[in-house]
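# Structural overview
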Amino acid sequence: MDRHTHSHDAAPAGPTGPADEAGAAQPGRPAVGSRRPRLGRRGFLTAAAGAGAGAAGVGAVAAPAAAAAVPTGATAPSAGVPIVLPGRDPQYDSLRTGYNRRFDVRPAEILAPRTAAEVVAAVQRALDGGRRFTVYGGGHCFEDFVLSPDVRTLITMGSLDQVRYNSARGVYEVGAGARLLNVYDRLYRDHGVTVPGGVCYSVGVGGHVPGGGYGLLSRKHGLTVDHLAGVEVVTVDARGKAALTYARRGDTGALGDLFWAHTGGGGGNFGVVTRFDFHTADEPRGLPSSPAEVQLVFCDWPWDGVGPERLGAFFDVFADWCARHHTSSGPADAVFPWLTVRHRDNGGVGMVMQVADPAGETIGDDLVKRLAAALGYSAHERYVTRTRMPWMNSVRLIGTSSDENSDPNRRGKQGSANFRGRLTRTQVAEIHRALHEPIEGSLSAGVDIAALGGAISRVRPTDTAVFQRDATMKFLVQTFWADERHDATNIDWLRRAYHGIFQETGGVPGYDEVTAGSYVNYPNSDLSDPAWNTSGLSSGDLYYGANYARLRAVKRRWDPTNVFRHAQSVRP
């Protein structure tokens, strides 16, 4: 899930984007810069997302002077940053390649810092050379915010991948180059704890976390950034000097704003994050304990006989369940369902559900029965599979068992939304139409709708940069293909589907009783195109809602020359 998740919604570090984000060039100076599961009898389709801290009770921690490679506010000493060059180093092609093969970049150099000090030096090197640079973590951005053709210097964060507990500071330190599966595995094996993040195993935390981050445990424990205690970040001042800064929960003034901006303000906007610190107050181990065992439920009903009316009834049942359990607590919060409705050529009408507490299994079973009845089917075992397994086994299963997660040669296009209420009849009709319309070259296409609420809803919209705390569902429509020859066909299909679904609100999900903007970790470049967005809302409005004005003020304070910029970055 957020990149999923896919969570599709997606995700590098620092000036990487909602999955990976980077900056667009500015005249006169340099700039910087999923896949939700369909788990059924016929396989998996997973998109991640990829992607606010607040009332969930993260405690303040001491400033990490001893832990920082460079003292807060200091500029970089001379550092020997490893440099990878084309035609010389064998890892060049691998390091310049992202998850979405639609985007290609051939930089003059790739910088591979190993410490925070070297990240500062790498940023300064690019600034001093006047080179357009971006920052790469997991490489899962849905758009070309990092892998843009004009990039001359690419900074890869993969070597900053530590995951450890700092007992002196009482926080779990996660390097911005770490990837989600490794984070889960280390926290689980060494400490028995976890953070509620996305499902896609190779998404990088550097983009996933600043976008908010959500996943299968988010109804129970909130968003990823609800457990964020501090961020170590490289910023650039008005003189063009890079320096390392640490901002923590509980800071006030400019530092407090910088911390807040990293609780859902998206990657690639304010600086290069080098480390995330996590801590949850009132948790005996400092973070939520991992479930010992979970139940996974896979539903896979065929399309036969499912017209727009039955599909609408199916969506209504799900939307009503999400609304009824939006502010719930206890066993219902342990139930995380998401719909996986595939194109007729790729699969059926399905749902995947994780239940992290046995007390929630009857709640999940009731939802399965109601969804099946809406489609005209029974909840017969022919269409439903239930299995229990240790939690970490389920993480590996969901995260690695789909071609979309593990095949590095896919191309994709996506569009997202947050929902507050039932889908309209127009939206249902457009979804049904799109999922029956032929798509030449598509390997998998469909719609995912994940449940929100629970612990997510118990944080105020302004406590973090994640504004849409009242959303009950997260929506993603997407298509994947392999051959460049099918780019236009698939992109055109996605645009017709997405903008058709939201035709009643100017082609995008506006703010009303039905929808609440889009998800920054599932970016869609069309939100900035007046040909596809006639709502009068900017991409910033759609991603951040009423929090956008404060994010712009943080941008002016911490990135005064707009160094960290990409096609949909926060505007000064």
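Notes on the structure follow. (Residues numbered from 1 in each chain as written. Predicted model: local features only at pLDDT ≥ 70, side-chain atom pairs only at ≥ 80, totals over all residues. Heavy atoms only, no water.)

### Thoughts on the sheet that holds strand E5 (residues 163-166)
Each strand in a sheet pairs with another by means of backbone hydrogen bonds, the pair being arranged parallel or else antiparallel. Pairing in this open sheet of 5 strands is antiparallel, and the strands run E5-E6-E9-E7-E8 from one edge to the other. For this open sheet the edge positions go to E5 and strand E8 (242-248), each flanked by a neighbour on one side alone. Direction aside, the axes of adjacent strands within the sheet are offset by 20° on average. Of the pairings in the sheet, the one linking strand E7 (residues 228-236) to E8 comprises 7 bridges and is antiparallel in character. Its bridge partner being in E8, Val236 is matched across the sheet by Ala242. Packed on one face of the sheet, helix H3 (residues 180-191) meets E5 and strand E6 (171-175) and runs near 45° to E5. (Pairing = 2+ DSSP bridges. Helix = DSSP H or I, 4+ residues; strand = E, 2+ residues; numbered from the N terminus. Axes fitted to C-alpha atoms, helices over the stretch in contact; angles between N-to-C directions. Contact = heavy atoms within 4.5 Å.)

### Some words on unusual backbone geometry
Despite not being glycine, Asp282 has its phi angle at roughly 70°, a positive value. Mapped onto the elements, Asp282 comes out in the loop between strand E9 (272-278) and strand E10 (293-301). Relative accessible area serves as the criterion here: at 79%, Asp282 is assigned to the exposed category. One non-glycine residue with positive phi stands out, namely Asn562, at about 60°. (Buried < 20%, exposed > 50% of the residue type's maximum accessible area, 1.4 Å probe, protein only.)

### Digging into the side chain of Asp333
With respect to the secondary-structure elements, Asp333 resides in the loop between helix H7 (308-324) and strand E11 (335-342). What makes Asp333 buried here is its relative accessible area of 5%.

### Quick look at helix H14 (residues 548-558)
In an α-helix, one full turn covers 3.6 residues, which means residues spaced three or four apart are oriented alike. Three or more residues of H14 are buried, namely Tyr548, Leu551, Val554, Lys555 and Trp558. For H14, the angular spread of buried residues about the axis comes to 115°, placing them on one side. Buried residues along H14 sit against E7, E8, helix H6 (253-261) and helix H13 (539-544). (Arc of directions from axis to C-beta.)

### Things to note about the packing of aromatic side chains
In total, this model carries 19 aromatic pairs according to the counting rule given. Plain terms: the ring middles of Phe142 and Tyr522 are 5.6 Å apart, the flat faces sit at 25° to each other, and that makes the pair stacked. Placement of the pair is Phe142 in the loop between strand E3 (133-136) and strand E4 (153-156) and Tyr522 in the loop between helix H12 (487-501) and H13, with a sequence separation of 380 residues. Residue class for Phe142 comes out buried when judged on its relative accessible area of 1%. Between Tyr184 and Trp391, the ring centres sit 6.4 Å apart and the planes meet at 65°, which makes this aromatic pair edge-to-face. Taken together, the positions of Tyr184 in helix H3 and Trp391 in helix H9 (residues 391-400) put the pair 207 residues apart, joining distant regions of the chain. Accessibility classification places Tyr184 together with Trp391 in one group, the buried group. Taken together, the ring pairs connect Phe142, Tyr214, Tyr519 and Tyr522 into an aromatic cluster. (Phe/Tyr/Trp six-rings, centres within 6.5 Å; stacked < 30°, edge-to-face > 60°.)

### Overview of the sheet that holds strand E16 (residues 473-481)
Read across the open sheet, the 7 strands follow the order E13-E10-E12-E11-E15-E16-E14; overall the sheet is antiparallel. What marks the edges here is a single partner per strand, and that holds for strand E13 (384-390) and strand E14 (411-419). In this sheet, neighbouring strand axes are inclined to one another by 15° on average, regardless of whether the strands run parallel or antiparallel. Here E10 runs beside E13; their pairing, made up of 7 bridges, is antiparallel. The residue bridging Phe298 from the neighbouring strand is Thr385, located in E13. Its contacts with the sheet put H9 on E10, strand E12 (349-355) and E13, and the angle it makes with E13 is roughly 125°. Across the face of the sheet, H12 comes into contact with E14, strand E15 (442-451) and E16 while running at roughly 160° to E16.

### With respect to the nonpolar core
Counting 141 residues, the largest nonpolar core has Val123, Trp301, Phe314, Phe315 and Phe475 as its most contacted members. With 8 residues, the single largest contributor to this core is helix H2 (residues 116-129). Not counting residues within four places of it along the chain, the set of residues in contact with Val123 comprises Phe133, Ile155, Val234, Val236, Ala242 and Val272. Val84, Val105, Tyr136 and Val146 belong to the second-largest nonpolar core, a separate cluster that totals 10 residues. (Core = buried A, V, L, I, M, F, W, Y, C linked by side-chain atoms within 4.5 Å.)

### Some thoughts on the packing of H3 against H9
Between two packed helices, what matters for the description is the angle formed by their axes and the separation of those axes. Running from amino to carboxyl end, H3 crosses H9 at an angle of 170°, the nearest separation of the two axes being 11 Å. With respect to each other, H3 and H9 are oriented roughly antiparallel. Across the interface between the two elements, Leu181, Tyr184, Asp185 and Tyr188 of H3 pack against Trp391, Met392, Val395, Arg396 and Thr400 of H9. Among the residues forming the contact of H3 with H9, the class breakdown is 6 nonpolar, 1 polar and 2 charged. (Parallel < 35°, antiparallel > 145°, perpendicular 65-115°, else oblique. Nonpolar A, V, L, I, M, F, W, Y, C, P; charged D, E, K, R; others polar.)

### Notes on the pattern of salt bridges
Across all of its chains, the model carries 41 salt bridges by this definition. Between Arg131 and Glu109 there is a salt bridge, with the nearest N and O atoms lying 3.3 Å from each other. Pair noted here: Arg131 is in the loop between H2 and E3 and Glu109 is in strand E2 (residues 109-111), with a separation of 22 residues, a long-range link. The exposure class of Glu109 is buried, given its relative accessible area of 5%. (Salt bridge = Lys/Arg side-chain N within 4 Å of Asp/Glu carboxyl O.)

### Some remarks on the packing of H7 against helix H8 (residues 361-375)
Relative orientation of the contacting elements H7 and H8 amounts to 160°, with a least axis distance of 7 Å. Taken together, the axes of H7 and H8 are roughly antiparallel relative to one another. When the axes of H7 and H8 are compared, the crossing they make is right-handed. Each of Arg310, Ala313, Phe314, Val317, Phe318 and Trp321 in H7 lies in contact with H8, whose residues at this interface are Ile363, Leu367, Arg370, Leu371, Ala374 and Leu375. Counted by class, the contact of H7 with H8 contains 10 nonpolar, no polar and 2 charged residues. (Left-handed = near helix turned anticlockwise from the far one by under 90°.)

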